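# Coordinate inspection notes
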Amino acid sequence: YKLNNITVTNFDLGVYHFKLRNFSDAIFRFKFVLLLEPNNVMAHYYLGRCFYLNNKLQDALNHLNKALELDQNFLDAEYLISKI
């Protein structure tokens, strides 16, 4: 299952590492997901959150804006953008 659904597996691992605050591992997983699915809204959002929490605000804005561009009703992304 994990090999057949590599994007889902890596996204889930990214969320797992994000929750543990292992941001470098989470960033790696979300970037991998975006290599396979460049328009994955949630991967952009979580990557933006990782960068935000690491004070890499320009990178955070880039990914949060991309998430908002892909889903104009994404209120969580809009909220984080307003905080930056």
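Here the structure is shown first, and the text comes after it.
As a starting point, this report considers the structure included with it. Here the structure is a predicted model, which means the values were calculated and not measured.

## Brief notes about helix α5 (residues 75–83)
All buried positions along α5 are accounted for by Ala77, Leu80 and Ile81. Down the axis of α5, the buried side of the element spans an arc of 105 degrees, and every buried residue falls inside it. Set apart from the buried face of α5 by more than 90 degrees, the exposed residues are Leu75, Tyr79 and Ser82. If you follow the buried residues of α5, they end up packed against α3 (41–53) and α4 (57–70).

## Some remarks on the packing of aromatic side chains
Describing an aromatic ring pair means giving the distance of the ring centres and the angle of the ring planes. With the rule as written, the count across this model stands at seven aromatic pairs. Between Tyr45 and Phe74 the ring centres are 4.8 Å apart and the planes differ by 40 degrees, which places this aromatic pair in the tilted class. Here Tyr45, found in helix α3, pairs with Phe74, found in the loop between α4 and α5; they are 29 residues apart in sequence, far enough to count as distant. Taking relative accessible area as the criterion, Tyr45 reaches 7% and is therefore assigned buried. Given the relative accessible area of 9%, Phe74 is considered buried. Three or more aromatic residues joined by ring pairs form one cluster here, namely Phe11, Phe18, Phe23, Phe30, Tyr45, Tyr46 and Phe74.

## Let's talk about the packing of α3 against α4
Orientation of α3 relative to α4, taken along the N-to-C sense of each, is 155 degrees, at an axis distance of 8 Å. The angle between the axes of α3 and α4 places the two elements in the roughly antiparallel class. Relative to α4, the crossing made by α3 is left-handed. Facing α3, whose interface residues are Val41, His44, Tyr45, Leu47, Gly48, Phe51 and Tyr52, α4 presents Leu57, Asp59, Ala60, His63, Leu64, Lys66, Ala67 and Leu70. Across the contact of α3 with α4, the residue classes tally to ten nonpolar, three polar and two charged.

## Description of the environment of Ile6
Relative to the helices and strands, Ile6 resides in helix α1 (residues 6–19). Using a relative accessible area of 34% as the deciding quantity, one classes Ile6 as partly exposed. Along the backbone, Ile6 and Arg29 are 23 residues apart, and their C-alpha atoms lie at a distance of 10 Å.

## Quick word on a nonpolar patch on the surface
On the surface, Ile6, Leu35 and Leu36 cluster together to form a nonpolar patch covering roughly 290 Å² of accessible area. Within the fold, Leu35 resides in helix α2 (residues 23–36). Given the relative accessible area of 68%, Leu35 is considered exposed.

Criteria and cut-off values
Residues numbered from 1 in each chain as written. Predicted model: local features only at pLDDT ≥ 70, side-chain atom pairs only at ≥ 80, totals over all residues. Heavy atoms only, no water. Buried < 20%, exposed > 50% of the residue type's maximum accessible area, 1.4 Å probe, protein only. Helix = DSSP H or I, 4+ residues; strand = E, 2+ residues; numbered from the N terminus. Arc of directions from axis to C-beta. Contact = heavy atoms within 4.5 Å. Phe/Tyr/Trp six-rings, centres within 6.5 Å; stacked < 30°, edge-to-face > 60°. Axes fitted to C-alpha atoms, helices over the stretch in contact; angles between N-to-C directions. Parallel < 35°, antiparallel > 145°, perpendicular 65-115°, else oblique. Left-handed = near helix turned anticlockwise from the far one by under 90°. Nonpolar A, V, L, I, M, F, W, Y, C, P; charged D, E, K, R; others polar. Patch = residues over 30% accessible without salt bridge, like charges linked within 9 Å, V, L, I, M, F, W, Y side chains within 5 Å. Areas by Shrake-Rupley, 256 points an atom, 1.4 Å probe, with all protein chains shown as cover. Salt bridge = Lys/Arg side-chain N within 4 Å of Asp/Glu carboxyl O.

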